[in-house]
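# A look at the structure
Chain residues, written in single-letter form:
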Amino acid sequence: MTSFAPLSGFIGGALIGLSAVFLMLTIGRIAGVSSIVRTAVIPGEPSGRSWRLAFVAGLPLGAILTTAVGLKDWSSVGFAASLPIMVIAGFIAGVGSTIGSGCTSGHAICGLARFSPRSIIATAIFITTAMATVFLTRHLA
Amino acid sequence: MPIIYSLLAGIMFGAGLTLSDMVNPARVLNFLDVAGDWDPTLVFVMAGSLAVALPGYRLVFRRGAPLIGGKFSLPAKRPLDLPLVGGAAVFGVGWGLAGICPGPALTDIATLEPKVLLFIAAMLIGMVLANSWRARLSATRELRAQS
């Protein structure tokens, strides 16, 4: 059970949007997490690794800071999937985001904010297949 | 300097995912579960991010260039193709299985939950493999185009 939380959702979302705008304003980059982490692991350009690793390191730091200032209660956070499912899901998400040029952040936030037709289609598709997957695993399995 | 900027952006991004509880797979799965006890919070997270990013990007692009680096690095405009459609479809299955996507996974490193660490390890392996498949595929295409 998670209780509907529109206000903290909207404020947290606004902070995510601000991060994307800030990264574009300062270094001219898209805040697409899968592309950032992939290119940090497999460098495609000589100087591209350090800023990407710094961005990735910032993500858990943001969680720690939010908790430290008393804005996060982790008690309702649950990892329901079993360990083998987690591994399969991680692998599939890694393959899919690489072939599909992006994940939730790159397509559904940065892409939609730029009115990219490819990102609009990608977002519609992955939300649909994710909902279908949850329907199959929760209601039919 | 780029490191400081991207570290700050990463911190903001991680804080946003934490505040909005997108770091909680249970909440994400409840959003995806339209036939169950539906939790629409994710819609408000999307709305909040677009409320800032839509006008924010517009203002930033009006400047013509970022503060450092000379130019904006944007994805090349490409038509819809099979890799985009198929990759997005596959990605959604992974997202739906665990309720975790790459941003929240990396942010959840803060929990030190072993399941998340394994999700990330598997994700990195998937990225490396898919990247080499993609490279091989485009090399084959180029060869075909030459012959």
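Residues numbered from 1 in each chain as written. Chains lettered and ligands numbered in written order. Predicted model: local features only at pLDDT ≥ 70, side-chain atom pairs only at ≥ 80, totals over all residues.

The next point concerns the overall build of chain B. The helix and strand tally for chain B stands at six helices and zero strands. Mapped in sequence order, the helices and strands of chain B form the string α-α-α-α-α-α. Relative to its length of 147 residues, chain B is extended, with a C-alpha radius of gyration of 19 Å against a globular reference of 15 Å. Its C-alpha atoms put chain B at 55 × 40 × 30 Å along the principal axes. A buried classification covers 49% of the 147 residues belonging to chain B. Once local pairs closer than 6 in sequence are excluded, the contacts in chain B between residues at least 24 apart make up 42%. (Helix = DSSP H or I, 4+ residues; strand = E, 2+ residues; numbered from the N terminus. Rg over C-alpha atoms; globule rule 2.2 N^0.38 Å. Buried ≥ 20, exposed ≤ 12 C-beta atoms within 10 Å, placed from the backbone. Contact = placed C-beta atoms within 7 Å.)

All right, on to helix H4 (residues 82–98) of chain B then. Spanning 17 residues, H4(B) covers 25 Å between terminal C-alpha atoms, matching the ideal 24 Å at 1.5 Å per step. On its buried face, H4(B) sits against helix H4 (83–99) and helix H6 (117–140) of chain A together with helix H2 (25–32) and helix H6 (114–146) of chain B. A positive phi of about 75° marks Gly99(B), the residue just after H4(B). (Expected span 1.5 Å × (residues − 1).)

So, on to the confidence of the model for chain B. Looking at chain B as a whole, its pLDDT mean stands at 95, while 100% of the residues score no less than 70. In the model output, the complex is listed with pTM 0.96 alongside ipTM 0.97. (pLDDT = per-residue confidence, 0-100.)

Moving on, we come to the environment of Ile27(A). By secondary structure assignment, the location of Ile27(A) is in helix H1 (residues 6–27). Residues within four places of Ile27(A) in sequence aside, it is in contact with Trp51(A), Pro2(B), Tyr5(B), Ser6(B), Pro66(B), Ile68(B) and Gly69(B).

Tracing the chain through its elements places Met131(A) in helix H6. Taking the C-beta count within 10 Å as the criterion, Met131(A) has 18 such neighbours and is therefore assigned partly exposed.

Our next topic: the interface of chain B and chain A. In this assembly, 100 residues from chain B lie in contact with 101 residues from chain A. Looking at the side of chain B that touches chain A, the elements that each hand over two or more residues are helix H1 (2–19), H2, helix H3 (41–62), H4, helix H5 (102–107) and H6 of chain B. In terms of residue count, H1(B) provides more of the side of chain B that touches chain A than any other element does, 17 residues in total. Each residue belonging to the side of chain B that touches chain A can be placed in one class, and the counts come to 66 nonpolar, 24 polar and 10 charged. (Nonpolar A, V, L, I, M, F, W, Y, C, P; charged D, E, K, R; others polar.)

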